[in-house]
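Listed below, chain by chain, are the residues.
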Amino acid sequence: MGKFAATIAMTAALVAGLALSIDRATAIGPTATAKPGAPAPAFSAPDINGRTIGLADYAGKIVILEWTNDGCPFVGKHYDSGNMQALQRRYTAAGVVWLTVASSAPGEQGYVTPPEAKADLARWQAAPTDFLLDPDGVVGRLYDARATPNMVIIDRNGRVVYMGAIDDKPSTRLADVKTAHNYVAAALDAVAAGQPVAVASTRAYGCSIKYKEG
């Protein structure tokens, strides 16, 4: 192979690699997992419209990460009751950025393609700011997301202020939503009022996230 041909081949490989990286979630900078009180690890990930979304895009804003699984009955509890959509609308109307994330691996429960994710949003009448696709599990592992629904709240200073369950009723019963203590709403209201979050970490309940192996 001549030098010119080799140069073309190398350039093509670099372009292909760049294109591939754009379609995948990426951890940016230090990759230690998130912890309450610590700076939120930076990341970028593709959304369901093919755009690359980075946490840095929302600097200075409160951000919620919501891990979802459209086949999980625990997720279904919060969508079928209208609870998740109500939270999304209430807080995005107040300027909060709500990012729904799917981290299940291809072939596993909870994995969705962009058209499938759009269909889920329409069926649920959901109202997140955006829906991110994380089939390689980069963002999920970065934030130690283990079950769905799993919730993370990042304050305006870029620090994690809450990680864990959406509420204190680990069941699939729709009626339990009405009597549950909602950790997410409590944390968001505290942040909005400039107060410390009383409960900064809980154990998320639900369906385990089926991460890509290796």
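Refer to the structure presented above.
These numbers come from a predicted model, not from an experiment.

Chemist: Looking at this structure, how should I read the state of the cysteines?
Modeler: Linking two cysteines covalently through their sulfur atoms gives a disulfide. Under the defined criterion, the tally for this structure stands at one disulfide. Covalently, Cys72 is tied to Cys207 through a disulfide, its sulfur atoms 2.2 Å apart. With the S-S bond torsion at 90°, the cross-link from Cys72 to Cys207 turns out right-handed. Here Cys207 lies in strand E10 (residues 207-208) and Cys72 lies in the loop between strand E4 (63-67) and helix H2 (73-80), a separation of 135 residues in the sequence.

Chemist: Explain helix H7 (residues 183-192) here, please?
Modeler: Every α-helix winds through 3.6 residues per turn, so residues three or four apart in the chain are directed the same way. With seven of ten residues buried, H7 lies mostly within the body of the structure. Along H7, the positions that sit buried rather than exposed are Tyr183, Val184, Ala185, Ala187, Leu188, Ala190 and Val191. In this structure, the buried residues of H7 make contact with E4, helix H3 (83-92), strand E8 (150-154) and strand E9 (160-164). Measuring from the backbone nitrogen of Val184 back to the side-chain oxygen at the start of H7 gives 3.0 Å, which picks out Asn182 as the cap.

Chemist: Help me out: how do you make sense of helix H4 (residues 114-124) in this one?
Modeler: If you check which residues of H4 are buried, you get Ala117, Asp120, Leu121 and Trp124. Down the axis of H4, the sector holding all buried residues measures 95°, keeping them to one side. With respect to the buried face of H4, the exposed residues turned more than 90 degrees away are Pro115, Ala122 and Arg123. Looking one or two residues beyond H4, the residue adopting positive phi is Gln125, at roughly 55°.

Chemist: Sorry if this is basic, but what is going on with unusual backbone geometry here?
Modeler: The step from Thr148 to Pro149 runs through a cis peptide bond, and the omega angle for that step is 0°. With respect to the helices, strands and loops of the structure, Pro149 is situated in the loop between strand E7 (147-148) and E8.

Chemist: How should I be thinking about the sheet that holds strand E5 (residues 97-102) in this particular structure?
Modeler: On the basis of which strands lie adjacent, the open sheet formed by five strands has the order E6-E5-E4-E8-E9 and mixed pairing. With one partner strand each, in any of the chains shown, strand E6 (130-133) and E9 form the two edges of the open sheet. Across the sheet, the axes of successive neighbouring strands diverge by a mean angle of 20°, strand direction being ignored. Sheet topology note: the E4/E5 ladder contains five bridges and is parallel. When the bridges of E5 are listed, Trp67 appears paired with Val101. Here H3 sits on the sheet in contact with E4, E5 and E8, set at roughly 145° to E5.

Parameters and conventions
- Throughout this description, residue numbers start from 1 for each chain and increase along the sequence as written.
- Given that this is a predicted model, residues contribute local features only at a pLDDT of at least 70 and side-chain atom pairs are listed and counted only at 80 or more, while totals for whole chains, interfaces and linings are drawn from all residues.
- For the side-chain quantities, the full set of heavy atoms in the structure was used; hydrogens and water were omitted.
- The rule for a disulfide is simple: a pair of cysteine sulfur atoms within 2.5 Å.
- Helix and strand assignments come from DSSP, with helices taken as H or I runs of at least 4 residues and strands as E runs of at least 2, each series counted from the N terminus.
- Only protein chains enter the area calculation, which uses a 1.4 Å probe; residues under 20% of their type maximum are buried, those over 50% are exposed, and those in between are partly exposed.
- The contact rule is simple, with two residues in contact once any of their heavy atoms fall within 4.5 Å.
- Polar contact is defined as a pair of N or O atoms within 3.5 Å, subject to the rule that within protein one atom must be able to donate a hydrogen and the other to accept it, and that residues adjacent in sequence are counted only when both atoms are side-chain atoms.
- In this context, the arc is that of the directions from the helix axis out to the C-beta atoms.
- Should DSSP find at least two bridges between two strands, the strands are regarded as paired.
- A fitted line through C-alpha atoms serves as each axis, taken over the contacting stretch for helices, and the angle formed by two N-to-C directions is quoted from 0 to 180°.

Geometric descriptors of this kind do not, in isolation, establish any biological role.
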